[in-house]
Structure formats: structure tokens, C-alpha cells
Amino acid sequence: MPKGASSYKIGGASLSEDLRRIDSVLSVLEDGQRLCVDANGRFDLDTAIAYAKALSQYDLFWYEEPGDPLDFELQAALRNYYKNPMATGENLFSMQDARNLIRYGGMRPDRDWLQFDCALSYGLVEYLRTLEMLKQHGWSASRCVPHGGHQMSLNIAAGLGLGGNESYPDLFQPFGGFPDGVKVENSYVTMPDLPGIGFEGKSDLYAVMKALSASS
């Protein structure tokens, strides 16, 4: 996640209940901490707009994936109702789909976030094509935060100078989290000098990969 940000899932309860929960979370956040909300693509246009209007009262880090990932018209319509940052793209894997989001999705390069997952985007070459496309459309790579929480994007995000990487230190083990000895300090980590994805730096993950290799 970006520096100081944490995510809350919305849409599983009523709008009023979600707002109550958001108020509760915001009441316990400390200085420098920000809240993101994620609808996981479940809203139709009317619901997405209703949430956009209600969420506008908060200083959220982003409003994430309100509608179907390929519903670019819905995403574009929301810019008329929500001026704060939005995020989407984690379920778009090709440069062409990413380009259609940029062309037709109304995303704003001065505030919005793109979540294309570099480990799932049909290979690193395809992701590099996506970054080149974004540059041609006036986007900085620093607006890209790969979304997946696994170890496979972490070194890539660092090497390409992206805006961050979603990493869960305590989830998706042994694939999630950071290499052994790497500590989170002020929402940043310093990557060890390891080649490639860096599996060797996580002893628990390396043991799994070694066992799988031996059994194949």
C-alpha cells in the first residue's frame, strides 16, 4: 500500500453501515495514517455514484474499483461526482486494456492511482509496454501501485521506481511479506541486494520452492 495507507472493504453492508464503520476507523487512525476504501468492483453506476457522494465528506487516500474493471463508462462518470483520488486497474493485465482505461475511464494523472499488477500482466515486457503507454499519455510511473499483496511484484516495483507495492507482512504466507530481516520503517522498506524476485531472501518461501523443485 502507499505510505501510511490501509484499506477497508465497502459494499458488503448498507451505505449507512459502511459510513458508520468508516467513521469508526477514522477515529482511531494516528497522524500520518490514511484510509482507502475498496468496493472490489461490485457496484452498478447508481450505487457507485451514491457512494461517491457520501465518501466525498472524507479525506480518503482513494476510492477503489467501484465497478466492473472493464466498465470504463462507469469509472469515467464518477469523476463528475468524486473529486478526491480514485484507484483501479488491478484486474487489467494487457497493455491494451490499460490503454482503454486511460483513454475512456476518465482517470486523472494528477491524483488517481493505477493498480496494474506487474507480476500478472502477461510478463515484465508487457508491463514495460504499459508503462511506456502511460508515459505517452502524461502519466508518471509513480502513480502506479501494483495490487496483489504477493512477493512477486515487490522487487519489480522497486526496480521500476513505481509509487509503491501492496504487501501484507502477515498474510498470504509464505508468498506475502518481505525478505528475512527487512523491516517496515515509516511505511518504507529497504530491499536487500538479491537478484530477480528475491525468493531466496525468504527462508520459508525458499524451503517451499526447493521442496516443489525436488518433487517435480
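See the structure printed just above.
The structure presented is a predicted model; accordingly, all values stated were derived computationally and were not measured.

### Section: the side chain of Lys-202
Within the element layout of this structure, Lys-202 appears in the loop between α6 (154-160) and α7 (203-215). Since its relative accessible area comes to 4%, Lys-202 is described here as buried. A polar atom in the side chain of Lys-202 sits 3.2 Å from the backbone oxygen of Pro-174. Contacts of Lys-202, omitting those with residues within four sequence positions, involve Gln-151, Gln-173, Pro-174, Gly-176, Phe-178, Pro-179 and Asp-180.

### Some words on the pattern of salt bridges
Under the definition given, this model contains eight salt bridges. The partner of Arg-20 in a salt bridge is Glu-17, and the shortest N-O contact between them spans 2.7 Å. Linking Arg-20 with Glu-17, this pair stays in helix α1 (residues 15-28), spanning three residues, or about one helical turn. By relative accessible area, Glu-17 is classed as partly exposed at 23%. Of the charged contacts in the structure, one is a salt bridge between Asp-110 and Arg-111, with a shortest N-O distance of 3.0 Å. Looking at Asp-110, the relative accessible area reads 54%, which means it is exposed. Through salt bridges that share partners, Glu-17, Arg-20 and Arg-21 make up one connected network.

### Considerations on the environment of Glu-65
Mapping Glu-65 onto the fold places it in the loop between β3 (62-64) and α3 (72-78). Residues Glu-65 and Val-28 lie 37 residues apart in sequence; the distance between their C-alpha atoms is 25 Å. Not counting residues up to four positions away in its chain, the partners in contact with Glu-65 are Asp-38, Ala-39, Asn-40, Gly-41, Ala-87, Thr-88, Glu-90 and Asn-91. Of note is the side chain of Glu-65, whose polar atom sits 2.9 Å from the side chain of Asn-91.

### What to know about the nonpolar core
Note that soluble globular proteins tend to have their nonpolar side chains buried in a common cluster. Residues Ile-10, Ile-22, Val-37, Leu-55, Tyr-63 and Leu-78 are the most contacted members of the largest nonpolar core, which totals 21 residues. Elements represented by at least two residues in this core include exactly α1, β2 (34-38), α2 (45-55) and α3. Excluding anything up to four places from it in sequence, Leu-55 contacts Ile-10, Leu-19, Ile-22, Val-37, Leu-60, Tyr-63 and Tyr-82. In this structure, Met-95, Leu-101, Trp-139 and Ala-157 belong to the second largest nonpolar core, which totals 18 residues.

### Some details on the pairing of strand β1 (residues 5-9)
With five bridges connecting them, β1 and β2 associate as parallel partners. Within the sheet, the bridge partner assigned to Ser-6 lies in β2 and is Leu-35. This β-α-β element, β1 to α1 to β2, shows right-handed connectivity.

### Brief notes about the packing of aromatic side chains
According to the stated counting rule, one finds six aromatic pairs in the structure shown. Look at Phe-43 and Tyr-51: their rings are 4.4 Å apart centre to centre, the planes differ by 25°, and that puts the pair in the stacked class. In this structure, Phe-43 and Tyr-51 share a single accessibility class: buried. Taken together through their ring pairs, the aromatic side chains of Phe-61, Trp-62 and Trp-113 make up a single cluster.

What counts and what doesn't
Residues numbered from 1 in each chain as written. Predicted model: local features only at pLDDT ≥ 70, side-chain atom pairs only at ≥ 80, totals over all residues. Heavy atoms only, no water. Helix = DSSP H or I, 4+ residues; strand = E, 2+ residues; numbered from the N terminus. Buried < 20%, exposed > 50% of the residue type's maximum accessible area, 1.4 Å probe, protein only. Polar contact = N/O pair within 3.5 Å; in protein donor to acceptor, adjacent residues only side chain to side chain. Contact = heavy atoms within 4.5 Å. Salt bridge = Lys/Arg side-chain N within 4 Å of Asp/Glu carboxyl O. Core = buried A, V, L, I, M, F, W, Y, C linked by side-chain atoms within 4.5 Å. Pairing = 2+ DSSP bridges. Right-handed = clockwise from strand over helix to strand, strands pointing away. Phe/Tyr/Trp six-rings, centres within 6.5 Å; stacked < 30°, edge-to-face > 60°.

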